[in-house]
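Structure at a glance
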Amino acid sequence: MIEVKGLTASFDDRQVLKNVSFTVNEKEIAVILGGSGSGKSTIFRHMLRLYDVPYKTIRIFDKDIADLNESEQLEFFMKLGVFYQNGALLNSLTVGENVALALEQHTSLPPDIIENIVRTKLELVHLGDAYQLFPSQLSGGMLKRAALARAIIMDPPLLFCDEPGAGLDPVSLASLDQLILNLRNLLGITVVMVTHEVSSILRIADKIIFLDDGVIAFKGTPEDALKSDIPVVKDFFSKGTGATLTTDH
Ligand SMILES: Nc1ncnc2c1ncn2[C@@H]1O[C@H](COP(=O)(O)OP(=O)(O)OP(=O)(O)O)[C@@H](O)[C@H]1O
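Overview of the structure. These numbers were taken from a predicted model, which means no experiment stands behind them. (Residues numbered from 1 in each chain as written. Predicted model: local features only at pLDDT ≥ 70, side-chain atom pairs only at ≥ 80, totals over all residues. Heavy atoms only, no water.)

With that out of the way, let us pick up the nonpolar core. Ranked by internal contacts, the top residues of the largest apolar core, which has 48 residues, are Val118, Leu148, Leu159, Ile208 and Phe237. Ignoring sequence-local partners within four residues, the contact set of Val118 consists of Gly96, Val99, Ala100, Leu103, Tyr131 and Ile153. In this structure, Val20, Phe61, Ala66 and Leu211 belong to the second largest nonpolar core, which totals 31 residues. (Core = buried A, V, L, I, M, F, W, Y, C linked by side-chain atoms within 4.5 Å. Buried < 20%, exposed > 50% of the residue type's maximum accessible area, 1.4 Å probe, protein only. Contact = heavy atoms within 4.5 Å.)

With six of eight residues buried, helix α1 (residues 40-47) lies mostly within the body of the structure. Where α1 ends, the next residue or the one after it, Arg49, has phi of about 65 degrees, a positive value. (Helix = DSSP H or I, 4+ residues; strand = E, 2+ residues; numbered from the N terminus.)

Strand order across the open sheet formed by six strands is β6-β7-β8-β3-β9-β10, with mixed pairing between neighbours. Two strands close off the open sheet at either side, each with one partner strand: β6 (80-83) and β10 (215-220). Mean inter-strand twist for the sheet, computed between neighbouring axes without regard to direction, equals 15 degrees. Lying over the sheet, helix α5 (residues 140-151) contacts β6 and β7 (158-162), oriented at roughly 165 degrees with respect to β6. Each of β3 (29-34), β6, β7 and β8 (190-194) is contacted by helix α6 (residues 170-187), which is oriented at about 135 degrees to β3, the strand it contacts most. (Pairing = 2+ DSSP bridges. Axes fitted to C-alpha atoms, helices over the stretch in contact; angles between N-to-C directions.)

We now examine the environment of Val194. Assignment of secondary structure puts Val194 in strand β8. The sequence separation of Val194 and Pro164 amounts to 30 residues, and the corresponding C-alpha distance is 7.9 Å. With residues up to four places along the chain from it excluded, the contact list for Val194 reads Ile32, Lys40, Phe44, Cys161, Asp162, Glu163 and Pro164.

Below, the discussion takes up the site of the ligand. Taken together, 13 residues lie around the ligand, and Ser36, Gly37, Lys40, Ser41 and Thr42 are the ones closest in. The contact in question runs from an oxygen atom of the ligand to an N or O atom on the side chain of Arg14, over 2.8 Å. One of the side-chain N or O atoms of Lys40 is found 2.8 Å from an oxygen atom in the ligand. Protein chains bury 65% of the 640 Å² of accessible surface belonging to the ligand in isolation. Broken down by secondary-structure element, the contributors of at least two residues to the shell around the ligand are β2 (14-24) and α1. A total of three residues in the shell around the ligand trace back to one element, the largest contributor, which is α1. (Near = heavy atom within 4 Å. Polar contact = N/O pair within 3.5 Å; in protein donor to acceptor, adjacent residues only side chain to side chain. Areas by Shrake-Rupley, 256 points an atom, 1.4 Å probe, with all protein chains shown as cover.)

What follows is the structure, given as structure tokens:
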């Protein structure tokens, strides 16, 4: 689904990604980890094509994303769901209207069909009763779930999540994780996520890509990460006190 090969990136002559390579397979949940400034967002932005991408470094949906023509670019963006940390819902619109936006902009579906699709997606994230509510009337956990419904409204095969659990209490975080797992298990969505939450990583990641100062320090399963002797990886996971590893996802 995603193949990053020898990606190097610089800002003002300073290399911030050095020869980064990894793959994400279909239906996998891959977590990109690393300390502040290690290059996680820079990788993310390259995969979303927000930065110029060097040729032959990133293949997504089996195409070199630096080499897409205009219609292929549109097709590419329509197949991506993006879930931002702050949810980014518009406060002047109801939850239903927020979630409907992309369908209204990118399809010619009639309003009653759009409403049905929106209601189905809200049910999927356990927000069936929030259709008419405004974002200001939702709790932090509900806002995240509404943002998730919006990210998947176009049925994207690939979902990018930028610190989706930031600011949530442990119970809301666990329930958001469960929803993301459900999306993968029930709908077969591939997920790439940046998160710092150790409990989340151990609950849902199939694969960890650990960055240290622009270089991949570790790639592998959470089980192997927990056993790793690499100092930065060891340090990171030793701080996740009380986290337990579940492998039944
Ligand atoms: N637009 C930019 N211009 C100049 N330098 C940048 C720019 N974006 C990122 N950097 C630098 O690149 C390095 C990697 O930044 P990046 O935002 O990718 O790290 P990160 O791992 O996402 O960090 P954080 O966890 O704090 O968000 C940092 O040293 C940062 O200062």
